[in-house]
There are 2 protein chains.
Amino acid sequence: MKENADVSNNPTALVDADAQVESFRQTRNNRRAELVEDYVELIADLIDHGGEARQVDIAQRLGVAQPTVAKMLKRLAADGLIQQRRYRGVFLTDEGKSLAEKSRERHQIVEAFLCALGISLETARIDSEGIEHHVSGETLEAFRAFVIERNGLADTDV
Amino acid sequence: MKENADVSNNPTALVDADAQVESFRQTRNNRRAELVEDYVELIADLIDHGGEARQVDIAQRLGVAQPTVAKMLKRLAADGLIQQRRYRGVFLTDEGKSLAEKSRERHQIVEAFLCALGISLETARIDSEGIEHHVSGETLEAFRAFVIERNGLADTDV
DNA sequence: CCTTAATTATAGCAACGGCTAATTTCTAGG
DNA sequence: CCTAGAAATTAGCCGTTGCTATAATTAAGG
Ligand SMILES: [Mn+2]
Ligand SMILES: [Mn+2]
Ligand SMILES: [Mn+2]
Ligand SMILES: [Mn+2]
C-alpha cells in the first residue's frame, strides 16, 4: 500500500512491485503443476473409457514420444499419484484420483465457460487446455456461475 | 474422422485424439513463449516508466535472481528482441517493441475481462499473469467485446 | 585520482521436459 | 511351445529455467 498511494495521481505508474512478484511467483508455481495435472486427468480419462492407461496411449494422446511419458510416470509414481506395474498399465492412487477429478472438473468448467462466451468449440478446447491451470478458485466460481446463468443448468450441469 | 463416428452413440467417449494432440501441442508452444512475452512486456513497462530497464530491476520485479535474468536477456538478444549494452540497461528492438505492445494489450484485456466478470483486482492480476499466454485471437476478441459491453468503452477503452 | 558500492558477467550445479537409439520383456498367433 | 511384434525400459543427448558463488566492470564520492 505504498506505491498504490500515488497511482491515482499517475495513471501510467507501474503496478505495485510486491503484488507483481507475487503474481509471477504464483504463475511459476502453476506452470510446474500443469503437466502433472494434464497427465492425471488424461490417465483418469483413459481408465474410465478403456479400462486401462498404457504408456503408448498416453504418448499418442499427448503427442510426445513414449520414453518422455515413461520418465514422467516415474515422477508421478514418486509423487504418490500413480502406481505402475511393469509392462502393465498405470493406475491412480487415491491422491491421484482426487487430483484428476479436481483437474477434470476445472477443465470442463473452463471449456464450458469459453463456449458460453461464444467461442467456437475447437478454440475453446485449445485455449482451455492452457488456461485451466491458471484459474484460481475465485475465478473458477465466477466461470461456473456465468455458465449456469447462460445455460440454465443444462447439459451435465458442469 | 474415425473416433468421431461413434461419439454420438457414446456420450462418455474421449475427445477426438487428433484434436486433443493439437490442443496439447498448441499449449506447449504457448508455454515456450510465456517467459519471452513476460520479459519484453516488463522491459517495456520499466522503460516507459523509469527510462531504463536494468537487470536488477527486472530480477526484482520477477522475483528471480539476477543471473537468471542475465541468461534470459542473452536469449532475447540472440532472438533479436532486445539490444544489450554492457553494464547499461537493455533496450527493445522494433521487433521487441512490437511483441511487447501486443503482449501488454492482451494482458490488459484479460485482466479487465476478469474484473468485468466480478473477480477481485488482486485475483484478476494473479490469474491474468498466467492466462494471458493461452488466449487465442478469437478468445481475446470475445473478452474485449465483453468488457466493452459491460463497461461501455469506459476507462482507457482497453 | 582512488576507493567503494552497485551492477553486470561468468562459471557451474540441478531439475525438468523433450528427443533417439538400443535393449528387455511380455503377449498372442501359429 | 515358439516366435514375431508390441510395449516398456534404459541410456544418453539437448535446451530451458532456476539457483549460488565469484569475478569483473562501472559509477560516484571523497
Ligand atoms: Mn486438463
Ligand atoms: Mn491442460
Ligand atoms: Mn503479461
Ligand atoms: Mn504473464
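Residues numbered from 1 in each chain as written. Chains lettered and ligands numbered in written order. Predicted model: local features only at pLDDT ≥ 70, side-chain atom pairs only at ≥ 80, totals over all residues. Heavy atoms only, no water.

Q: Whenever I open this one, the UniProt feature "domain: HTH dtxR-type" (unreviewed entry) in chain A confuses me. Can you help?
A: Taking the numbering used here, the UniProt-annotated feature "domain: HTH dtxR-type" (unreviewed entry) corresponds to residues 32-93 of chain A. Helix makes up 65% of residues 32-93 of chain A and strand 10%, and the two end C-alpha atoms of the span are 20 Å apart. (UniProt positions renumbered as here; feature names shortened; annotations may be inferred. Helix = DSSP H or I, 4+ residues; strand = E, 2+ residues; numbered from the N terminus.)

Q: Just to check I follow, could you spell out the coordination of the manganese ion (ligand 4) for this structure?
A: In ideal tetrahedral geometry, four donors around a metal make angles of 109.5 degrees, whereas ideal octahedral geometry with six donors gives angles of 90 or 180 degrees. Residues and elements named next belong to chain B. Distances from the manganese ion (ligand 4) to its protein donors, namely Asp 38 (OD), Glu 129 (O), Glu 129 (OE), Glu 132 (OE) and His 133 (NE2), fall within the range 2.0 to 2.3 Å. Going along the chain, you hit the donors of the manganese ion (ligand 4) in the pattern D-x90-E-x2-E-H. A distance of 3.6 Å spans the gap from the manganese ion (ligand 4) to the manganese ion (ligand 3), which Glu 132 bridges by coordinating each metal. On the criterion of sequence distance, the pair formed by Asp 38 in helix H1 (residues 17-50) and Glu 129 in helix H5 (residues 121-131) is long-range, its members being 91 residues apart. (Donors = N, O, S within 2.8 Å, 3.2 Å for Na, K, Ca; no water.)

Q: Can you walk me through the interface of chain B and chain A in this structure?
A: How big an interface is tends to be reported as the loss of accessible area on association of its parts. On the chain A side, the residues contacting the 49 residues of chain B number 49 residues. Summing both sides of the interface, chain B and chain A together bury roughly 4,500 Å²; the carbon and sulfur share of this comes to 59%. At the junction of chain B with chain A, the criterion picks out three salt bridges. Notably, a salt bridge pairs Arg31(A) with Glu34(B), separated by 2.9 Å at the nearest N-O pair. Within the residue set of the side of chain B that touches chain A, elements represented by two or more residues are H1, helix H2 (55-62), helix H4 (94-116), H5 and helix H6 (137-151) of chain B. (Contact = heavy atoms within 4.5 Å. Buried area = accessible area lost by both parts, 1.4 Å probe. Salt bridge = Lys/Arg side-chain N within 4 Å of Asp/Glu carboxyl O.)

Q: Sorry if this is basic, but what is going on with the packing of aromatic side chains here?
A: Here the distance between the centres and the angle between the planes together describe a pair of aromatic rings. Residues and elements named next belong to chain A. Taken as a whole, this structure holds six aromatic pairs over all chains when the rule is applied. With centroids separated by 5.2 Å and ring planes inclined at 70°, the aromatic side chains of Phe 113 and Phe 146 adopt a geometry described as edge-to-face. Highlighted residues: Phe 113 in helix H4 (residues 94-116) and Phe 146 in helix H6 (residues 137-151), separated in sequence by 33 residues. In this pair, the class of Phe 113 matches that of Phe 146, namely buried. (Phe/Tyr/Trp six-rings, centres within 6.5 Å; stacked < 30°, edge-to-face > 60°. Buried < 20%, exposed > 50% of the residue type's maximum accessible area, 1.4 Å probe, protein only.)

Q: How should I be thinking about the nonpolar core in this particular structure?
A: In globular proteins that are soluble, nonpolar side chains generally tend to be buried together. Within the largest apolar cluster, 30 residues are counted, with the highest numbers of intra-cluster contacts made by Phe113(A), Leu114(A), Leu117(A), Phe143(A), Phe113(B), Leu117(B) and Phe143(B). Going through the elements one at a time, H4, helix H5 (121-131) and H6 of chain A together with H4, H5 and H6 of chain B are the ones with two or more residues in this core. Beyond its immediate chain neighbours, meaning those up to four positions away, Leu117(A) contacts Phe146(A), Phe113(B), Phe143(B) and Phe146(B). (Core = buried A, V, L, I, M, F, W, Y, C linked by side-chain atoms within 4.5 Å.)

Q: Just to check I follow, could you spell out the protein's contact with DNA strand C for this structure?
A: Surrounding DNA strand C, one finds 20 residues, the nearest of these being Ala65(A), Thr68(A), Lys71(A), Arg75(A) and Gln55(B). Counting only atoms of DNA strand C within 4 Å of the protein, the fraction found in sugar and phosphate groups is 64%. Note that a phosphate oxygen of DNA strand C is positioned 3.0 Å from one of the side-chain N or O atoms of Arg88(A). At a separation of 2.3 Å, a phosphate oxygen of DNA strand C approaches a polar side-chain atom of Gln55(B). For the surface near DNA strand C, the secondary structure elements donating two or more residues are helix H3 (66-78) of chain A together with H2 and helix H3 (66-78) of chain B. (Near = heavy atom within 4 Å. Polar contact = N/O pair within 3.5 Å; in protein donor to acceptor, adjacent residues only side chain to side chain.)

Q: Could you clarify how one ought to interpret empty space enclosed by the protein in this entry?
A: Taking a probe equal in size to a water molecule and rolling it over the atoms shows the remaining empty space. Here the structure, examined in full by the defined rule, presents two cavities of 30 Å³ or more. Within this model, the largest cavity holds a volume of roughly 40 Å³. Together, Phe24(A), Thr27(A), Arg28(A), Arg31(A), Leu35(B), Asp38(B) and Leu62(B) line the largest cavity. For the lining of the largest cavity, the elements supplying multiple residues, two or more each, are helix H1 (17-50) of chain A together with H1 of chain B. When residues in the lining of the largest cavity are grouped by element, the largest group, four residues, is from H1(A). Considering only enclosed or pocket space, the second largest cavity measures out at about 40 Å³ in volume. (1 Å grid on protein atoms, 1.4 Å probe; cavity = no way out; pocket = protein on both sides within 12 Å on 5 of 7 lines; lining within 4 Å. Points joined across faces, edges and corners; volume = space filled by probe spheres on them.)

Q: For this particular structure, what's the right way to read the environment of Lys102(B)?
A: By the secondary structure assignment, Lys102(B) is in helix H4. Taking the C-alpha atoms as reference, Lys102(B) lies 8.7 Å from Glu41(B); in sequence the two are 61 residues apart.

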